[in-house]
There are 2 protein chains.
Amino acid sequence: MKRQDDRHNARRRSLLGLGTVLTGAALLPAAARAAAGSHAGAFPKGFLWGAAIAGHQAEGDNVASDAWLLENIKPTEFREPSGAAVDHYRLYDQDIATLASLGLNTFRFSIEWARVEPVEGMFSTAALEHYRDVLLSCRKHGVKAMVSFNHFVTPAWFAARGGWEDPGSTQLYVRYCDKVARHLGELIDYATTFNEPNLPRLLFGIPGPLAGMADNPNMRAMLARAGQVAGTGKWSSWIFGDFAKIEAGLLRAHAAGYQAIKAVHPNLPVGFSIAIADDQAVDGGEAMVAKKRAIAYEPWFRAIGEHGDFIGVQTYTRELIGPDGVRPPPKDAKFTSSHMEYYPQALEATIRYTAKNVRVPVYVTENGVSTDDDAMRIAYIRTAVGGVANCLRDGIAVKGYIHWSLLDNFEWIFGFGPHFGLIAVDRATMKRSVNPSARFLGQIARANGLTA
Amino acid sequence: MKRQDDRHNARRRSLLGLGTVLTGAALLPAAARAAAGSHAGAFPKGFLWGAAIAGHQAEGDNVASDAWLLENIKPTEFREPSGAAVDHYRLYDQDIATLASLGLNTFRFSIEWARVEPVEGMFSTAALEHYRDVLLSCRKHGVKAMVSFNHFVTPAWFAARGGWEDPGSTQLYVRYCDKVARHLGELIDYATTFNEPNLPRLLFGIPGPLAGMADNPNMRAMLARAGQVAGTGKWSSWIFGDFAKIEAGLLRAHAAGYQAIKAVHPNLPVGFSIAIADDQAVDGGEAMVAKKRAIAYEPWFRAIGEHGDFIGVQTYTRELIGPDGVRPPPKDAKFTSSHMEYYPQALEATIRYTAKNVRVPVYVTENGVSTDDDAMRIAYIRTAVGGVANCLRDGIAVKGYIHWSLLDNFEWIFGFGPHFGLIAVDRATMKRSVNPSARFLGQIARANGLTA
């Protein structure tokens with residue numbers, strides 16, 4: 001167990017609570033400015049203030065999904081199974097009501113493909129109508145809905161065909177997007193095709209503690225077992241597979257999915273959100289930072305230029321990069337409960353970097369901190385939102401700040417350990433407790449900016 | 001396809017819309033008396049008037065279940081998959097509200113084990129809380145809840161271990177019953193361990209058109225494929241397997257499940273419901289009727305005597321039995337849309353037969369007719385309820401009449417073809433339409449008896 005734990009800790013340090021590895025060069029002395037506070041009035045009318053969850057991480061019992069299967073076989077890369085998650089499939093109306101009551105105006109969530117199409121070609125009216133209910137709840141509570149058509153998870157049958165590596169995946173995704181757009185599009189305010197489709201490259205693309213994970217024996221054994229259980233002898237899903245082929249499939253599927261959604265609802269803004277780190281070069285790491293960016297972000301900047309109405313930025317911390325690859329955080333670093341460096345200044349840097357590289361508006365679609373000390377979350381939000389204000393003051397078209405996450409939830413391979421929620425959840429009873437940080441973000445939203 | 005269809009039609013004629021094969025000897029000239037009408041006042045105070053559904057048949061997307069797997073493999077014995085069924089998992093509150101508004105006072109439904117324990121040993125708080133919501137909806141609408149802990153369907157993992165044939169099945173069922181009883185028992189008014197556990201014997205136990213189905217090549221191929229897909233090389237579920245071993249397992253599980261529920265809630269009435277036909281001997285078939293009864297009912301009458309507080313009778317039609325086995329219906333018979341003989345007089349006969357053989361109170365827990373002509377359903381209800389009134393008048397302790405079904409639903413191997421619903425459902429939109437027969441049964445319930 002010791003070796004296993006070491007491996008987990010090493011991975012945790014960098015994996016950052018779920019597809020949120022960060023790296024790169026700090027572009028601006030953001031921390032100093034954010035610490036000065038007083039950014040009231042900096043936020044434009046109509047700015048989105050929100051909180052996010054994702055289907056599989058919150059809903060529970062997503063039984064037909066690839067993730068469910070991987071969580072419940074041996075060996076697995078998952079620390080524990082998602083199970084009932086935080087019962088959001090049942091409690092969505094209560095959760096959205098709470099979000100609205102806090103003062104937030106936007107709810108970001110995802111539709112689970114595995115529920116909508118549990119068997120290839122068989123679409124579930126029940127699941128589609130459920131998501132209509134969720135969208136109607138947003139309307140009822142006066143909350144805008146930002147909907148990811150995919151947030152990592154695919155149906156098990158899809159993974160067992162080869163997932164995004166399968167050339168047929170594009171058409172399958174288009175069919176799904178078309179169904180969802182026709183059934184629900186009129187109630188969606190912002191759509192994204194994918195959540196962090198750049199994650200495979202981000203995790204494995206440059207030398208670092210995670211690069212080896214792309215081909216570790218446990219993962220290979222998990223994939224072999226999954227293919228066996230699924231009966232096809234094949235399996236590719238999320239970050240588990242041939243990551244170059246997965247990325248190519250996601251790029252194709254984004255372009256085609258974008259067009260499918262726009263064909264039904266030409267006026268619906270459609271984009272994607274990417275995982276992006278504040279990549280800071282150290283000890284002459286500039287060339288490696290440039291290499292990382294060319295691998296992990298630039299293909300997606302090009303993609304959003306070709307098919308996209310906005311881009312979502314999802315940032316958690318910074319990553320220090322030397323000439324040899326990812327470096328550990330500094331000795332005096334403060335850590336979050338998921339062993340990431342506590343570094344809320346990262347957000348300002350990644351907004352600036354992204355805005356320089358795309359022509360579409362930028363939304364912060366995820367930003368947050370896993371902690372059991374809610375005061376840390378409040379401090380994190382204060383600094384991060386301060387960074388957004390700095391960007392706005394410099395004329396950058398950032399249009400929303402959506403916190404990860406509304407609720408404590410299933411943080412993928414790390415299970416339920418990391419607590420990112422503005423709202424805590426007791427999984428034994430599924431009772432929700434609103435943290436002070438939730439009220440803090442709600443106050444910012446009501447004031448449309450930091451007031452102190 | 002022709003041969004396939006013939007086989008299906010032959011099976012349909014006898015399978016009677018789903019586990020409702022009927023056979024036997026008419027005990028009384030019920031039809032004449034029922035036709036005379038005017039049974040007002042015959043029903044005791046507190047008589048249960050209700051309608052039933054079952055989880056898998058109505059809820060939709062019961063993805064972790066054995067039935068779901070069987071429906072979606074090739075070959076299959078199922079005409080079509082259940083898919084979203086009639087979306088009752090989402091719409092339960094609306095459906096229970098409608099039931100109450102009609103004047104009915106009892107809702108019979110089942111808890112899906114595959115939802116509550118989607119992976120062996122992993123119980124879903126989300127699913128348990130969902131069923132709490134359903135039970136609270138019953139309370140809110142002033143309706144009593146009769147809950148089957150199992151209605152045919154088991155988790156896929158359970159079937160892949162060998163289902164009820166596996167000696168470990170009893171303990172697994174006990175653990176499940178204990179969890180459900182602890183979580184929900186205080187809100188349940190009547191519980192049954194099993195729905196029609198005598199069905200395997202009833203279908204295959206005596207010579208007749210169905211006896212051969214127990215071992216047809218398509219079923220064998222389906223079971224082999226299911227075991228392969230599940231990865232264990234084994235599969236036994238519902239009526240598909242070694243029916244003698246399945247029956248033995250169900251008898252053990254009933255006794256142990258009964259004790260598990262009673263251990264938590266000693267005052268909760270617990271029983272089971274059996275499929276029972278009005279078995280009528282023709283051409284000297286008395287010995288064969290006696291043989292059928294000894295095989296298909298008597299073990300269960302003994303079982304309810306040992307562990308049981310009430311018994312549910314589920315009757316749809318009669319079965320004519322000659323010395324050689326089941327005979328086709330008479331030339332002048334009227335048929336329902338599922339090719340059963342229209343014979344509502346059967347209910348009175350089966351209540352009388354059952355009451356003679358058990359000491360516990362009798363509830364009619366299913367009785368109904370599949371038809372696209374709602375006037376036929378009204379006539380059926382009038383005659384059937386008249387038969388109940390006759391029994392009451394003769395001092396038989398029959399305590400409720402629960403119609404099958406509240407909603408059109410998934411009628412197992414026959415798919416969505418047969419329409420048993422007091423309420424019709426358009427599956428494209430999931431819109432409900434209350435049939436006149438629903439109002440007719442509601443009037444009877446409000447008057448606590450037939451008024452004309």
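Residues numbered from 1 in each chain as written. Chains lettered and ligands numbered in written order. Predicted model: local features only at pLDDT ≥ 70, side-chain atom pairs only at ≥ 80, totals over all residues. Heavy atoms only, no water.

1. Details of the relation of the copies chain A and chain B
- At an RMSD of 0.0 Å, chain A and chain B line up after a rotation of 180° and a shift of 0.0 Å along the axis. The relationship between the two copies is best expressed as a two-fold rotation axis. Across chain A, the smallest distance between a C-alpha and the rotation axis is recorded for Val63 of chain A, namely 3.3 Å.
- A symmetric contact is evident, with 100% of the interface residues of chain A recurring at the interface of chain B. (Least-squares fit on C-alpha atoms with pLDDT ≥ 70 in both. Contact = heavy atoms within 4.5 Å.)

2. Comments concerning the sheet that holds strand β6 (residues 278–281) of chain A
Residue and element names in this part refer to chain A.
- On the basis of which strands lie adjacent, the open sheet formed by three strands has the order β6-β8-β9 and mixed pairing. A strand with exactly one partner marks an edge of an open sheet, and here the two such strands are β6 and β9 (325–327). Across the sheet, the mean angle from the axis of one strand to that of its neighbour is 45°, orientation sign disregarded.
- Relative to β9, strand β8 (residues 318–322) is paired through three bridges, and the arrangement is antiparallel. Note that in β9 the partner of Ile321 across the bridge is Val326.
- Contacts from helix α13 (residues 286–296) reach β6, β8 and β9, with the element oriented near 155° to β6. (Pairing = 2+ DSSP bridges. Helix = DSSP H or I, 4+ residues; strand = E, 2+ residues; numbered from the N terminus. Axes fitted to C-alpha atoms, helices over the stretch in contact; angles between N-to-C directions.)

3. Things to note about unusual backbone geometry
Residue and element names in this part refer to chain A.
- A cis geometry characterises the amide bond from Lys74 onward to Pro75, with omega recorded as -5°.
- If you trace the backbone, Pro75 turns up in the loop between α4 (66–71) and α5 (88–102).
- Following Trp404, the chain continues to Ser405 via a peptide bond in cis, the omega torsion being 5°.
- Mapping Ser405 onto the fold places it in the loop between β11 (398–404) and β12 (423–426).
- In this model, Trp238 sits at a positive phi of 55°, which is unusual for a non-glycine residue.
- With respect to the helices and strands, the residue Trp238 is situated in the loop between α11 (217–230) and α12 (243–264).
- Of note in the backbone geometry, Met430 takes a positive phi value of approximately 65° without being a glycine.
- Locating Met430 in the fold gives a position in the loop between β12 and β13 (431–434).

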